[in-house]
Amino acid sequence: MTAVDESASLAAASVKTSPRRPSRLAGAVRTVLPPIVVFSVVVGVWYLVTYAFFAPRRRFLLPPPHQVVAEGFLDWARFHEILSALVVSATVALVGLAIASALGMVFAILMSQASWIERAFYPWAVVLQTIPILAIGPLIGFWFGYGFWSKTMVCVLIALFPIITNTLFGLRSVDSGHHDLFTLRRASRWRRLSRLEFPGALPAVFTGLRISAGLSVIGAIVGDFFFRQGEPGIGRLIDDYTRSLDSGPMFVAVIVSSVFGLAVFWLFGLAAHVIVGPWHESGRR
């Protein structure tokens, strides 16, 4: 066998043995199928618990899924009420998340630039995270009233800490070799921050934003339980449905608010994929 034939046979063998890349359809199936399977199992367990452990007169405590759909999603008047409340809570959550994001990034940048600022402010950020919102809710009402801005303040307090910690972690995690390169180029502090530290911190920043996105939705709902002035939000509807033992619409309100939180989480994940994905592994998944 000549050398040419030998190389040709080796190339053919490598082609045969090389693993095929999964098709786009197969990748989509692997991504979508597991959540669908888990959802089906949850619904099946829900039916089992409802009919096996609750007598008919007590099934209002855990109505079966089809009853929840009929009383919440298919009743347009009730569903419209829930969607209107969702718009109110979504506005509160997004405004609170925007304020928390701006404050958290500013404080993290300041702390990364001067160690004395970190020593002065970071312990108070930890204290802020450990304060129970349920305990200071009445104080927030006294200070800011019982309307929109009190609910927004609850969202800010809940969502602030993950943004501070993740942004600060990202700013401090830049490779030391890159810092040495900027030092050799005699880069200014602003140039180092804008060209090296903050772009390098973006994966951690998006992680903090995704965590805070869900927390801001929780804050908007918690704020509704305390501050009942103005248009009702999801939390106020859940409280009203609970008081009237209207469990079907209450489950729908919980599901709708959860879907909204997942949507915001997914949007930040998509933003991370577009902005960070081309150069960092965390944005490609």
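Residues numbered from 1 in each chain as written. Predicted model: local features only at pLDDT ≥ 70, side-chain atom pairs only at ≥ 80, totals over all residues. Heavy atoms only, no water.

Considering the overall build of the protein chain
And step 1. Looking only at helices and strands, the protein chain features eleven helices and zero strands.
And step 2. Taken from the N to the C terminus, the helices and strands of the protein chain come in the order α-α-α-α-α-α-α-α-α-α-α.
And step 3. For the protein chain, the residues scored as buried account for 36% of the 285 residues in total.
And step 4. Nonlocal contacts in the protein chain, meaning residues at least 24 apart in sequence, comprise 71% of its contacts between residues at least 6 apart.
And step 5. Looking at the protein chain as shown, the accessible area adds up to about 17,200 Å², and 70% of this sits on carbon and sulfur atoms.
And step 6. Positive and negative side-chain charges of the protein chain, numbering 24 and 15 respectively, have mean locations separated by a distance of 5 Å. (Helix = DSSP H or I, 4+ residues; strand = E, 2+ residues; numbered from the N terminus. Buried < 20%, exposed > 50% of the residue type's maximum accessible area, 1.4 Å probe, protein only. Contact = heavy atoms within 4.5 Å. Areas by Shrake-Rupley, 256 points an atom, 1.4 Å probe, with all protein chains shown as cover. Lys, Arg positive; Asp, Glu negative; His and termini not counted. Charge placed at Lys NZ, Arg CZ, Asp CG, Glu CD.)

Looking at the nonpolar core
Soluble globular proteins tend to pack their nonpolar side chains together in the buried interior.
And step 1. I82, I234, V252, V256 and F260 are the most contacted members of the largest nonpolar core, which has 27 residues in total.
And step 2. When residues of this core are traced back to their parent elements, those giving at least two are helix 4 (76-113), helix 9 (189-226), helix 10 (234-243) and helix 11 (247-275).
And step 3. In terms of residue count, helix 4 provides more of this core than any other element does, eight residues in total.
And step 4. If we ignore the near neighbours within four places in the chain, the residues touching V252 are V68, G72, F73, F79 and I82.
And step 5. Counting 23 residues, the second-largest nonpolar core is a separate cluster that includes A114, I164, L202 and F206. (Core = buried A, V, L, I, M, F, W, Y, C linked by side-chain atoms within 4.5 Å.)

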